[in-house]
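Listed below are the residues making up each chain.
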Amino acid sequence: MTIIERRDVPPARTHGPRRWVGQSIRRVEDPKFLRGRGGYIADLVRPGMLHAAVLRSPYPHARIVSIDTTAAEAMPGVYAVVTGAQAAELTDPLPDFGPDPAKHTWRCLAVDKVRYVGEGVVVVVADDRYLAEDALALIEVEYDPLPAVVDPVRALDAGAPLVHEALGANLAYDRTFDFGDVDADFAEADLVVRDRLRWHRSGGQPLETVGAIADFDPSTGQLTAHTNSLSFTSYLFMAAATLRIPANKLDIRQVPAGGSFGSKLFVTKPLVIAGMCSRIVGRPVVFLEDRVDNISNCDHHGSDRVYDVELAVMRDGTLRGLRIDTIDDYGAYIQFGVGHHGNALAQVTGPYTIGSVRYRVRAALTNKNQQGAYRGFGSEVNNWMLEQMVDKAARELRMDPVEIRRRNFIQPAQFPYFIPTGNAYDSGDYEAVLERALELGEYDRWRAEQARAREEGRYLGIGLITAQERSVFSATEFWFWFDEPGAPVTSMPESVTLNVDATGGITATLYSCAFWGNSPETMVAQLVAEEFDCEPHDVSIVYHGSQGGLPATGPGGSRTTVMLAGAVEGASAKIKAKARRAASELLEVDPDDLEWTEGGFQVRGVPDRRKSLGDIAIALHLFKHTFPEDIESGLEESKVFDHPWTTMPSADRSDLGVFYPFMGHACHVPVVEVDVATGEVRILAYAAVHDCGTLVNPRSLAGHIVGGTAQGIGTALYEEFVYDDHGQLVTSSFLDYTIPSAMEVPELRIDHVETPSPYTPHGIKGGGEGGRMMAPAALNVAVNDALAPLGVRVTELPMTPDRLRAAIRAAEGAPPG
Amino acid sequence: MRDLHEITLTVNGREHTLAVEPRRLLVDVLREDLGLPGTHIGCEHGVCGTCTVLLDGASIRSCSTLAVQVDGRSVRTVESLASGPDLHPLQEEFWDKQGLQCGYCTPGMLMRAVEILEQEPDPTPEQVREEIASNLCRCTGYQYIVEAVLAAAPRLRGGQQWDPTAGTAATVPTEAKA
Ligand code: FES
Ligand code: FES
């Protein structure tokens, strides 16, 4: 085992009193949205813009024998018809971080065979979307259907139909990692708790689909694209390579995204389709998915896992070790590799002092839409798995579920704490969060209520869980799976430019496509206001296109606020340094005799000898020659902020290094009632206490907790992309893929504990994913608590009425039916 | 040649005469032909309510309404709510309570809220929750939308207009701390 140096913990920071950080100001983004002037991708119209539509495969698995596009091409109003084979001549495969891209090649349209229902086969470009869809109806494709593979466990059987013949199997990845002394922990355990758990696939399904407008200029070779795809900037060169254009000839312009939740992260397919078409027709082309495209042919279904788990436990409740064996159904392609499991390994042992972990992951390929990102990126599944196991351990030990958690918590004095995988947890106070949640959720009262209800034959359950929310990813999680090629540690930068105009007005420039419903502009405005003592709503925020932009990564892994805060802090310091020098010239004092106060520099202790930022700015803009030679005109500075704490994995991967260190925590306490006759679950009460460090805009964070919890309720109870045994997708609309409405989401009680991170600006940790990372676990525990008197334990999500009824019937010993 | 029908409709008080294909959807007429992009498209099959507009005062789904069906009738969209710099009280309260995140459902939600408060000017929280269940929001979990509608109700009952001199940088209370 390689020894990893753990001494390079960053220096701890301290923070003074704050004026704007911590205030729930109205969001600066909102007025345009409230007026219906959001400027989303569907709202943008370019002169001469044409519309693309994609013909989708009706088969889960079939050879494409022939495609006849003659009638479509002849249709008036049609400009181009491009088959998958033709697209493969014009573009390279889509960017793929997977284990072996050459063996499961992913393209913007299918070539030779289709691998899931919905996969794109042909694209048509026409004057408008109506005509484009008319033309799709004229295309004749002859398919030779093949047997489909749907179940991830059976996909690994010898003789299963092959999704990719070149791979020779449906197993795209298989590796087992050991962290700590697993065998000793299990050998010494008093009890080993075992379970098989099943998490079915759901997805972000924002109300706005993904789209791109591409405008290729043949005279310059430049492709300008507007897209609501996020996190584009850092891997832009890969998309450019797919389009076979130089990276410096591709300019991505930011547009707000109408929701993402991971599902718009680095979506390249619409961009490549639009870009390819624009190049063919020489005019701007928009490709905007419709809802069926977004459900059946997107880049981002969520996790789809089978778990066999063992938890080594002592009689006193001490949790010793974990053995996890998981098969994840990635669908037909595997663009992000098994990064979802890297994510889970950042917090695999939860808030507990579990000392060892064995983690086996097998990635199965099947005839389904591929997996990508959904709020939690695989860590939400790990939270659910771990909390089911802890809950089961408590039941087997006849221990109180609160007590078993409390007994195993990492204590405040133990931070920074390194979990067995090597990732660090920066800080936390799990006991304080738990206490507050028990109080807010009226835990004792509900336990009494539960006992009373049981006497009446009603089944109430309380779902206490305590779990982690890692934040600020370093991309290590995507590549530590492979020994070769090695790569140095990734820094995932984010940049801000601050410009002070001649009147003292401040403009902040952002460089990634950062808005999806989060509040990057509000955060930056508040942080700038904190630095310069101005009103946040007076700060202007603009987005730079990717061309010529500073390094920027974009949202993902709850990183945006922390990273933007670092960039704002750095750029502000540079602005203030220049302003200090300028003020010292104007006031004819030593720079060190000046102090920043109330929006300007003043001579220490002499309040009437001061220069406001506006005074300094106008001098710097107009009267440069009054300053020394080395002071240039203007007042503008940039900061590229890199990940503040990430380290290399060990060569043998027994230690993955620090890659997700700013560790949020939460305790959710839902109360449910299960109708055992119908299998319906009603949520009677729901309390959530989160700790994501210093809050910038508490109302905004609370909104994300409620919204994320609503999504978690969907995951736990309602939402599933269902493929039948033949591979047909039977949930291709919002009629069947059921997103919770206001009637399914209860009024939440929310509170926050603030344990500032010692290592980030203002002590901020990310918090955007927390609701969904907790709710599925909490609701499963709650339902199992409700049904425990019947001897029922539900191990499969979503807990639909039919699944619950089946479990109840099985416990009653009745024949199914 | 496309088969075109002439229709006349009033949108936000202004009358328009257009020639449309019989299959053309109202939402496309509003967004593309009349330049009113505030009405959004979410599901295109009548489930999510993102495309909600008022037709002669009653909410409808413009994604599953044909433009020829509204010939001679009157449509209100989100663009009718603000007057100049002044936001409508519902817009104000959505802003104040953070009843939006990505803003994509917001126009439909606002138009539905206009209808709810016209029908029941003094609703209970339970009524608001039940009534807005017609419209999906993927971001907010609805809680602050309910709060915003409830906060707007007395302002609309009193016919009170938003005071633009009150400024826009007002803060809302942080979460209650014990
Ligand atoms: S877009 Fe009309 S109801 Fe969904
Ligand atoms: S605010 Fe995003 S869908 Fe409602």
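Quick notes on the rules
Residues numbered from 1 in each chain as written. Chains lettered and ligands numbered in written order. Predicted model: local features only at pLDDT ≥ 70, side-chain atom pairs only at ≥ 80, totals over all residues. Heavy atoms only, no water. UniProt positions renumbered as here; feature names shortened; annotations may be inferred. Helix = DSSP H or I, 4+ residues; strand = E, 2+ residues; numbered from the N terminus. Buried < 20%, exposed > 50% of the residue type's maximum accessible area, 1.4 Å probe, protein only. Contact = heavy atoms within 4.5 Å. Areas by Shrake-Rupley, 256 points an atom, 1.4 Å probe, with all protein chains shown as cover. Salt bridge = Lys/Arg side-chain N within 4 Å of Asp/Glu carboxyl O. Polar contact = N/O pair within 3.5 Å; in protein donor to acceptor, adjacent residues only side chain to side chain. Nonpolar A, V, L, I, M, F, W, Y, C, P; charged D, E, K, R; others polar. Pairing = 2+ DSSP bridges. Axes fitted to C-alpha atoms, helices over the stretch in contact; angles between N-to-C directions. Lys, Arg positive; Asp, Glu negative; His and termini not counted. Parallel < 35°, antiparallel > 145°, perpendicular 65-115°, else oblique. Left-handed = near helix turned anticlockwise from the far one by under 90°. Domains from an automatic or database assignment. Patch = residues over 30% accessible without salt bridge, like charges linked within 9 Å, V, L, I, M, F, W, Y side chains within 5 Å. Buried area = accessible area lost by both parts, 1.4 Å probe. Expected span 1.5 Å × (residues − 1). Arc of directions from axis to C-beta.

- Per an unreviewed UniProt entry, chain B goes by the name Carbon-monoxide dehydrogenase small subunit and belongs to Geodermatophilus ruber.
- The Pathway (unreviewed entry) comment attached to chain B in UniProt states, word for word, "Alkaloid degradation; nicotine degradation."

- An unreviewed UniProt entry lists chain A under the name Carbon-monoxide dehydrogenase, large subunit, with Geodermatophilus ruber given as the organism.

### Observations regarding the overall build of chain B
No. 1: Per the secondary structure count, chain B includes 5 helices and 5 strands.
No. 2: The order of α-helices and β-strands along chain B, N terminus first, is β-β-α-β-β-β-α-α-α-α.
No. 3: Across the 178 residues of chain B, 53% fall into the buried class.
No. 4: Across chain B, every contact between residues at least 6 apart in sequence was considered, and the portion connecting residues at least 24 apart equals 57%.
No. 5: As presented, chain B carries roughly 7,100 Å² of accessible surface, and 49% of it is formed by carbon and sulfur atoms.

### Quick look at the UniProt feature "domain: Aldehyde oxidase/xanthine dehydrogenase a/b hammerhead" (unreviewed entry) in chain A
No. 1: The UniProt record marks residues 35–147 of chain A with the feature "domain: Aldehyde oxidase/xanthine dehydrogenase a/b hammerhead" (unreviewed entry), using the residue numbering of this structure.
No. 2: With 19% helix and 31% strand, residues 35–147 of chain A has its two end C-alpha atoms placed 51 Å apart.

### Considerations on the interface of chain A and chain B
No. 1: Of the residues lining the interface, 67 residues belong to chain A; the matching set on chain B comes to 66 residues.
No. 2: In this structure, D43 of chain A and R31 of chain B form a salt bridge, with 2.8 Å as the shortest nitrogen-oxygen distance.
No. 3: At the boundary of chain A and chain B, one finds 35 residue pairs in polar contact (both at pLDDT 80 or more).
No. 4: Of all the secondary-structure elements, those providing two or more residues to the side of chain A that touches chain B are α1 (30–34), α4 (129–137), α19 (698–718) and β29 (749–752) of chain A.
No. 5: The element that contributes the greatest number of residues to the side of chain A that touches chain B is α19 of chain A, accounting for 10 residues.
No. 6: Here the residues of the side of chain A that touches chain B sort into 30 nonpolar, 20 polar and 17 charged.

### Some points on the sheet that holds strand β11 (residues 250–254) of chain A
Residue and element names in this part refer to chain A.
No. 1: Here we have 7 strands laid out as an open sheet, ordered β3-β5-β1-β12-β9-β10-β11, and mixed in their pairing. The two strands at the open ends of the sheet, each matched to only one other strand, are β3 (78–83) and β11. Direction aside, the axes of adjacent strands within the sheet are offset by 20 degrees on average.
No. 2: Here strand β9 (residues 211–217) pairs with strand β10 (residues 222–227) via 6 bridges, running antiparallel. Bridge assignment links D217 to a residue of β10, and that residue is Q222.

### Looking at the pattern of salt bridges
Side chains that carry opposite charge are capable of pairing whenever their charged atoms lie near each other.
No. 1: Taken as a whole, this structure holds 75 salt bridges over all chains when the rule is applied.
No. 2: Among the ionic pairs, R13 of chain A bridges to E569 of chain A, the shortest N-O distance being 2.5 Å. You can see R13 of chain A sitting in the segment before α1 and its partner E569 of chain A sitting in helix α17 (residues 560–587), a full 556 residues away along the chain.
No. 3: For the salt bridge of R201 of chain A with D329 of chain A, the shortest nitrogen-to-oxygen distance reads 3.5 Å. With R201 of chain A in the loop between β8 (191–199) and β9 and D329 of chain A in strand β14 (residues 319–329), this residue pair connects regions lying 128 residues apart in the sequence.
No. 4: Connected through salt bridges with shared partners, the residues R26 of chain A together with E92, E93, D96, K97 and R155 of chain B form a single ionic network.

### A few points about the environment of T65 of chain B
All names here are of chain B.
No. 1: Mapped onto the elements, T65 comes out in the loop between β4 (58–61) and β5 (74–76).
No. 2: Overall, the relative accessible area of 11% leaves T65 in the buried class.
No. 3: Residues in contact with T65, not counting those within four places in the same chain, are L25, L26, I60 and V70.

### A short note on the sheet that holds strand β22 (residues 540–543) of chain A
Residues and elements named next belong to chain A.
No. 1: Pairing in this open sheet of 4 strands is mixed, and the strands run β22-β21-β20-β26 from one edge to the other. At either end of the open sheet lies a strand with only one pairing partner, and these are β22 and β26 (636–641). Between one strand axis and the next, the sheet turns through 20 degrees on average, direction left out of account.
No. 2: In terms of strand pairing, strand β20 (residues 494–500) meets β26 through 6 bridges, oriented antiparallel. Across the sheet, the residue bridging to L498 is E637, located in β26.
No. 3: The strands that α17 touches are β20, β21 (506–510) and β26; relative to β26, the one it contacts most, it runs at about 145 degrees.

### Focus: the side chain of K624 of chain A
Residues and elements named next belong to chain A.
No. 1: Tracing the sequence through the fold places K624 in the loop between α18 (613–622) and β26.
No. 2: It is E629 that comes nearest to the buried, bridge-free K624 among opposite-charge side chains, at 5.4 Å.
No. 3: Residues in contact with K624, not counting those within four places in the same chain, are A619, E629, I631, E632 and S633.

### Examining the packing of helix α11 (residues 379–397) of chain A against helix α20 (residues 770–787) of chain A
Helix packing for two helices is described by the angle between their axes and how far apart those axes are.
Residues and elements named next belong to chain A.
No. 1: Viewed as axis vectors pointing N to C, α11 and α20 meet at an angle of 30 degrees, and their least axial separation amounts to 8 Å. Taken together, the axes of α11 and α20 are roughly parallel relative to one another. In the packing of α11 onto α20, the handedness of the crossing is right-handed. In contact with S379, E380, N383, W384, E387, Q388, D391 and R395 of α11, α20 contributes R772, M773, M774, P776, A777, N780, V781, N784 and D785.

### Observations concerning the domain arrangement of chain B
All names here are of chain B.
No. 1: Domain assignment breaks chain B into domain 1 (5–80) and domain 2 (89–163).
No. 2: For domain 1 versus domain 2, the separation of C-alpha centres amounts to 22 Å.
No. 3: Here domain 1 and domain 2 share 0 salt bridges between them.
No. 4: Seen at the junction of domain 1 and domain 2, the total is 7 residue pairs in polar contact (both at pLDDT 80 or more).
No. 5: Elements that contribute at least two residues to the side of domain 1 that touches domain 2 include exactly β3 (52–55) and β4.
No. 6: Counting residues per element, the side of domain 1 that touches domain 2 draws most heavily on β4, which supplies 3 residues.
No. 7: For the side of domain 1 that touches domain 2, a count of residues per class yields 6 nonpolar, 10 polar and 2 charged.

### Let's talk about a nonpolar patch on the surface
Residues and elements named next belong to chain A.
No. 1: A contiguous nonpolar surface patch, about 290 Å² in accessible area, is contributed by I618, L622 and F623.
No. 2: Its location among the elements puts I618 in helix α18.
No. 3: For I618, a relative accessible area of 37% corresponds to the partly exposed category.

### A short note on the side chain of H704 of chain A
No. 1: Position of H704 of chain A among the secondary structure elements: in helix α19.
No. 2: Judged by its relative accessible area of 6%, H704 of chain A is buried.
No. 3: Among all residues touching H704 of chain A, those that are not within four sequence positions of it are R375, W516, G517, N518 and G768 of chain A together with Q101 of chain B.

### Here's the deal with the domain arrangement of chain A
All names here are of chain A.
No. 1: With domains assigned, chain A is organised as domain 1 (30–37 + 493–641) and domain 2 (428–473 + 660–817).
No. 2: At the junction of the two partners, domain 1 supplies 21 residues and domain 2 supplies 19 residues.
No. 3: Across the interface of domain 1 and domain 2, roughly 1,400 Å² is buried in total on both sides, 67% from carbon and sulfur atoms.
No. 4: Per-residue buried area on domain 1 facing domain 2 is highest for G557, S558 and V562; these three make up 38% of the total on that side.
No. 5: Summed over the shared surface of domain 1 and domain 2, the number is 0 salt bridges.
No. 6: Applying the counting criterion to the domain 1 and domain 2 interface returns 9 residue pairs in polar contact (both at pLDDT 80 or more).
No. 7: Breaking the side of domain 1 that touches domain 2 down by element, the ones donating at least two residues are α16 (520–532) and α17.
No. 8: When the residues that make up the side of domain 1 that touches domain 2 are grouped by side-chain class, the tally is 7 nonpolar, 11 polar and 3 charged.

### Some words on the packing of α11 of chain A against helix α12 (residues 401–408) of chain A
All names here are of chain A.
No. 1: With their axes 9 Å apart at the nearest point, α11 and α12 run at an angle of 115 degrees to one another. Taken as axis vectors, α11 and α12 run roughly perpendicular relative to one another. Classified by chirality, the crossing of α12 by α11 is right-handed. Residues E387, V390, D391, A393, A394 and L397 of α11 form the contact with α12, whose participating residues are P401, I404 and R405.
No. 2: For the contact of α11 with α12, a count of residues per class yields 6 nonpolar, no polar and 3 charged.

### Thoughts on the pairing of β4 of chain B
Residue and element names in this part refer to chain B.
No. 1: Judged from the 4 bridges that link them, β3 and β4 form a sheet pairing that is antiparallel. Residue L55 lies in a different strand from β4, and its bridge partner there is A58.
No. 2: The antiparallel pairing of β3 with β4 creates a hairpin that spans 2 residues between the two strands, and D56 there sits at a positive phi of about 50 degrees.

### Brief notes about helix α14 (residues 443–455) of chain A
Residue and element names in this part refer to chain A.
No. 1: Over its 13 residues, α14 extends 19 Å from the first C-alpha to the last, a length consistent with the 18 Å expected when each residue adds 1.5 Å.
No. 2: If you check which residues of α14 are buried, you get Y443, W446, Q450 and A453. Take α14 and look down its axis: the buried residues cluster within an arc of 75 degrees, on one side only. Facing away from the buried side of α14 by more than 90 degrees, the exposed set consists of D444 and E455.
No. 3: Looking at the buried positions of α14, the neighbouring elements they touch are α12, α13 (430–440), β18 (459–462), β27 (662–675), β28 (680–691) and α20.
No. 4: Positioned one or two residues after α14, G457 has a phi angle of 80 degrees, which is positive.

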